[in-house]
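# Observations on the three-dimensional arrangement
Take a look at the letters that make up each chain.
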Amino acid sequence: MELFESFKSNAGSTRRRFIRESSKNLLMANRNQIPTSNSALIAMIADEDTVVGFLLAGVGNVDLRRKTNYLIVDSKTTVKQVEDAFKEFTTREDIAVILISQYVANMIRFLVDSYNKPVPAILEIPSKDHPYDPAHDSILSRVKYLFSAESVASGRR
């Protein structure tokens, strides 16, 4: 309420101050962020709707070399492009998690199943047109294997 009264009484100076503060905030928002040792990104390999949803949530990043942390997979995307993006994301040091649509992961299943490093973690997610199938999830199959091997080792079954 005070702001409104101040605006009415000092309309000209208040508008100028508001514009000056807004432009300062915009300049600070567009400033490049300096990555720190504890900052990490989430990468995405998925269909357009899924990627756009995560981009709207703030996951997207474009670095100085114009490299993005996402790949939009559509009918024109080749398996080679998906493989290259997966290999690039798994070797980048600034990426901690890779979210990949399960149907895209099925295109490069041999790469996803053979990847065994803890970071970046690879999580398979459902997409709008392709429901999640736990039988194809590499992480779930590894967990099932560990629990079955553990139960065999301990004599429980």
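It should be emphasised that the depicted structure is a prediction, and the values quoted were computed from it without experimental measurement. (Residues numbered from 1 in each chain as written. Predicted model: local features only at pLDDT ≥ 70, side-chain atom pairs only at ≥ 80, totals over all residues. Heavy atoms only, no water.)

## Thoughts on the overall build of the protein
Tallying secondary structure elements over the protein gives seven helices and four strands in all. Reading the protein from its N end, one meets helices and strands in the order α-α-β-α-β-α-β-α-α-β-α. Classification of the 157 residues of the protein by burial places 27% in the buried group. The contacts of the protein with a sequence gap of at least 6 include a subset with a gap of at least 24, amounting to 63%. Summed over all atoms, the accessible surface of the protein reaches about 11400 Å², with 59% contributed by carbon and sulfur. (Helix = DSSP H or I, 4+ residues; strand = E, 2+ residues; numbered from the N terminus. Buried < 20%, exposed > 50% of the residue type's maximum accessible area, 1.4 Å probe, protein only. Contact = heavy atoms within 4.5 Å. Areas by Shrake-Rupley, 256 points an atom, 1.4 Å probe, with all protein chains shown as cover.)

## Describing the packing of aromatic side chains
Evaluated as defined, the whole model comprises one aromatic pair. Their ring planes at 80 degrees and their centres at 6.1 Å tell us that F86 and Y115 sit as a pair that is edge-to-face. Of the two residues, F86 sits in helix α4 (residues 79-91) while Y115 sits in the loop between α6 (109-114) and β4 (121-125), which places them 29 residues apart along the sequence. (Phe/Tyr/Trp six-rings, centres within 6.5 Å; stacked < 30°, edge-to-face > 60°.)

## Observations concerning the sheet that holds strand β3 (residues 95-101)
The four strands are arranged β2-β1-β3-β4 in an open sheet whose pairing can be described as parallel. Edge positions in the sheet fall to β2 (70-72) and β4, since each of these pairs with one other strand and no more. Strand-to-strand twist in this sheet, taken as the mean axis angle between neighbours without regard to direction, amounts to 20 degrees. Relative to β4, β3 runs parallel, the two being bridged by five bridges. If you follow L99 over to β4, its bridge partner there is L123. Lying on the sheet, α4 is in contact with β1 (41-46), β2, β3 and β4; it crosses β1 at an angle near 170 degrees. (Pairing = 2+ DSSP bridges. Axes fitted to C-alpha atoms, helices over the stretch in contact; angles between N-to-C directions.)

## Focus on the confidence of the model for the protein
Should the pLDDT be low somewhere, the predicted coordinates at that spot are not to be read in detail. Taken over all residues, the pLDDT of the protein has a mean of 79, while the share at 70 or more is 70%. Note that residues 23-29 has pLDDT below 50 and, in this model, zero contacts with residues that lie over four places away or in other chains. (pLDDT = per-residue confidence, 0-100.)

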